[in-house]
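Chain residues, written in single-letter form:
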There are 2 protein chains.
Amino acid sequence: MRIVVDAMGSDQHPAPDVAGAVLAAREAPDTLILIGDEPRLQAELARHDTQGLSIEVVHAAEAISMEDKPTEAARDKPDSSMHVGLRLVQAGEADAFVTAGNTGAVLTIATLLTLKRIRGIKRPALTAIFPHLTGRVVAADIGANADSRPEHLVQFARMASIYAEQAMGVQQARVALLSNGEEEGKGNELVKDTIPLMREARELNYIGNVEPKEVFSGATDIVIHDGFTGNIFIKSIEAAASMSGKLLKQEITAGVFSTLGGLLAKAAFARAARRLDPFEIGGAPLLGVDGVVIVGHGRSNEVAILNAIRQARRAVEGHVIEAIREKVAS
Amino acid sequence: MRIVVDAMGSDQHPAPDVAGAVLAAREAPDTLILIGDEPRLQAELARHDTQGLSIEVVHAAEAISMEDKPTEAARDKPDSSMHVGLRLVQAGEADAFVTAGNTGAVLTIATLLTLKRIRGIKRPALTAIFPHLTGRVVAADIGANADSRPEHLVQFARMASIYAEQAMGVQQARVALLSNGEEEGKGNELVKDTIPLMREARELNYIGNVEPKEVFSGATDIVIHDGFTGNIFIKSIEAAASMSGKLLKQEITAGVFSTLGGLLAKAAFARAARRLDPFEIGGAPLLGVDGVVIVGHGRSNEVAILNAIRQARRAVEGHVIEAIREKVAS
């Protein structure tokens, strides 16, 4: 297997991106292809023991930053590490593309300029995979499209089901629509119009609607929403988790005993914060494009990059793209 | 001032509801009118020192539970404490209605059966008032309407501005639309169609769009969204906060030092959890109906009920209903 890693992606690039690729190369006989500024990548690689590992470096003259506007970067930086990396997958010279870079840019470049949508897929879907107390949940769409129609949501559900089953090992993945209540009759027009289509889609294990709290209680394996709602959903979780942490810090440092308590429990705090981070899992697939693309968070460290690469591997091994082509798009 | 308190509202009713009303009666010369099962309320009142306080009890033969379906309860329990209490306000025999009961039921009974909408108001808006690190924010609509049109959102913004300015003392309340990004061009169709209307509404201090994290950073005094999105937003915050707490508990109790630390910091945890609770402030107004209605959370304790009554007082003193009639509905 040949996996392309955008080495100019993460906020701290190229160190975590390169280190994650080295870790991935150590655990399997795959070839890792690092894309970016070649001298910088070679210097970074020299800091690791790469003896016997299959790691290649491919030069890209440009890099897209988190501040770049996606459509402008896609148009104006045709030699960016994202363009170069995605073209390798498009040309069949690599099996998957992993990046912790600008999400909007990878979405635009993959969907419109390189891999493009699988024929028959109406809209791509950005996903997030996040942990809860007892497992993981795949959320789609979290922002590839601001507005969606019912038939788009059904395709998101079918693609996410294939991913959960073939790349994550979930059996008969449960699918739910995110709504303002579980009961029949709840939901906005989009949700209400989507319900009958979900019921008709016999290949889906549609279990009904869930509220945000049920997503965290493990009531479903997949939660489906339009990209606007999904983006608000994910960002609210992040914001509330961050706010929780800050409030707790304020309260704990306000007293002597609690300050001492906070110090004793410091490592536990850090573990809890990591577990609530929807991006700690490493990344999540961009579904619907004609190739495996895993998008990680900008804050990714080397372990997050390694996890993103592992996800790419499982998606390739699970023949996710082929299954979407056969089962969803046809 | 005469304030009606639904004594059958909170999860633990009537104890917190009655105790909150007693606290409110002690701090101002208002009359508090408790509605509910009279023998139970008299027995509960007897547990308090009510010497010299102006507290009345009005009997209601029925009570609506949290499990009741709102439309069914509104129709089938015409003598509920909500019906009886709201009819007092409708008849001009009281100035405000406070409940910690079934939100959907009070919405239905107030909007359709008793107070009804202020003439000219297209849709009512349920609000939440929640705290962040440096202040408070009013969020509307959080679920009175599953679908909204741009002109509805503008009315929500105008009503919430009046409430923030006249009942909360905010000067020139800043208004923002909740969106998937701050930048021009972000947003779903509803948000994009609402932006020009918000700009045209010169009486609004519209500052643009905000993401969830900016709501918590104090970037705005008011955040406006359709009721579906707002409901997901509020419930995601609640779910993430609750999940944070559970994860932290799991991690803290996993080790000896951290367990000790957790014990030392226990009070700080409780304070932080309370501060993140969007309902701890006591309640939030149902805007657009022809009377002051404050809806608290079912989990309300006596302090939350007291706070809800205080909000009702400020709404009456601030002439919020009159201002909405004059400035928004005309």
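If you're wondering where the values come from, they're calculated on a predicted model, not measured in any experiment.

Let's hear about the environment of L53(B): which residues, and what values?
Residues and elements named next belong to chain B. Here L53 shows up in the loop between α2 (38-45) and β3 (55-59). The exposure class of L53 is partly exposed, given its relative accessible area of 21%. Along the backbone, L53 and T31 are 22 residues apart, and their C-alpha atoms lie at a distance of 7.9 Å. When neighbours within four sequence positions are excluded, L53 is seen to be in contact with V22, A25 and R26.

Just give me the short version of the nonpolar core, but keep the residues and values in it.
Core analysis: the biggest nonpolar cluster contains 230 residues, and L34(A), F130(A), I224(A), L34(B), F130(B) and I224(B) have the highest contact counts within it. Beyond its immediate chain neighbours, meaning those up to four positions away, I224(B) contacts A140(B), L153(B), F156(B), A157(B), A160(B), V175(B), A176(B), L177(B) and L178(B).

Tell me about the sheet that holds strand β8 (residues 205-210) of chain A, and please be specific about residues and values.
All names here are of chain A. Read across the open sheet, the 11 strands follow the order β3-β2-β1-β4-β11-β10-β5-β6-β9-β7-β8; overall the sheet is mixed. Of all strands in the sheet, those with a lone pairing partner are β3 (55-59) and β8, marking the two edges. Direction aside, the axes of adjacent strands within the sheet are offset by 25° on average. Where helix α5 (residues 103-113) meets the sheet, its contacts fall on β4 (96-99), β5 (125-131), β10 (284-287) and β11 (292-295), and the angle it forms with β10 comes to roughly 40°. The sheet contacts of helix α7 (residues 189-200) involve β7 (174-178) and β8, and relative to β7 the element is tilted by about 165°.

So what's going on with the interface of chain B and chain A? Which residues, and what values?
Frequently, the measure chosen for interface size is the accessible area removed from exposure when the parts meet. Tallying the contact residues gives 48 residues for chain B and 48 residues for chain A. Carbon and sulfur atoms make up 72% of the area that chain B and chain A hide from each other, which totals about 4,400 Å². Per-residue buried area on chain B facing chain A is highest for F228(B), M243(B) and E251(B); these three make up 15% of the total on that side. Scanning the region where chain B abuts chain A turns up 4 salt bridges. For the salt bridge of R271(A) with E251(B), the shortest nitrogen-to-oxygen distance reads 2.6 Å. Where chain B meets chain A, there are 8 residue pairs in polar contact (both at pLDDT 80 or more). Only α7 (189-200), α8 (212-216), α9 (227-252), α10 (256-264) and α11 (266-276) of chain B provide two or more residues apiece to the side of chain B that touches chain A. Looking at the side of chain B that touches chain A, the element that brings in the most residues is α9(B), giving 19 residues. The residue inventory of the side of chain B that touches chain A, partitioned by class, reads 26 nonpolar, 13 polar and 9 charged.

Summarise the side chain of T114(B); cite the residues concerned and give the values.
All names here are of chain B. Looking at the element boundaries, T114 is found in the loop between α5 (103-113) and β5 (125-131). Owing to a relative accessible area of 3%, T114 belongs among the buried residues under this scheme. In this structure T114 touches H83, L86, R87, Q90 and I109, once residues within four positions along its chain are discounted.

Describe in detail the packing of aromatic side chains, supporting the description with residues and values.
In total, this model carries 5 aromatic pairs over all chains according to the counting rule given. Centre to centre, the rings of F269(A) and F269(B) are 5.9 Å apart; their planes meet at 55°, and the pair counts as tilted. You can see F269(A) sitting in helix α11 (residues 266-276) and its partner F269(B) sitting in helix α11, one on each of two chains. Ring-pair connections join several aromatic residues into one group, and the members of that group are F130(A), F216(A) and F233(A).

Which residues make up the packing of helix α6 (residues 150-167) of chain A against helix α12 (residues 302-317) of chain A, and what are the values?
Residue and element names in this part refer to chain A. Here α6 crosses α12 at 100°, and the two axes come no closer than 8 Å. Comparing the axis directions of α6 and α12 gives the class roughly perpendicular. Between α6 and α12, the contacting residues are Y163, Q166 and A167 on the first element and Q311, R314 and A315 on the second.

What counts and what doesn't
- Residues numbered from 1 in each chain as written.
- Chains lettered and ligands numbered in written order.
- Predicted model: local features only at pLDDT ≥ 70, side-chain atom pairs only at ≥ 80, totals over all residues.
- Heavy atoms only, no water.
- Helix = DSSP H or I, 4+ residues; strand = E, 2+ residues; numbered from the N terminus.
- Buried < 20%, exposed > 50% of the residue type's maximum accessible area, 1.4 Å probe, protein only.
- Contact = heavy atoms within 4.5 Å.
- Core = buried A, V, L, I, M, F, W, Y, C linked by side-chain atoms within 4.5 Å.
- Pairing = 2+ DSSP bridges.
- Axes fitted to C-alpha atoms, helices over the stretch in contact; angles between N-to-C directions.
- Buried area = accessible area lost by both parts, 1.4 Å probe.
- Salt bridge = Lys/Arg side-chain N within 4 Å of Asp/Glu carboxyl O.
- Polar contact = N/O pair within 3.5 Å; in protein donor to acceptor, adjacent residues only side chain to side chain.
- Nonpolar A, V, L, I, M, F, W, Y, C, P; charged D, E, K, R; others polar.
- Phe/Tyr/Trp six-rings, centres within 6.5 Å; stacked < 30°, edge-to-face > 60°.
- Parallel < 35°, antiparallel > 145°, perpendicular 65-115°, else oblique.

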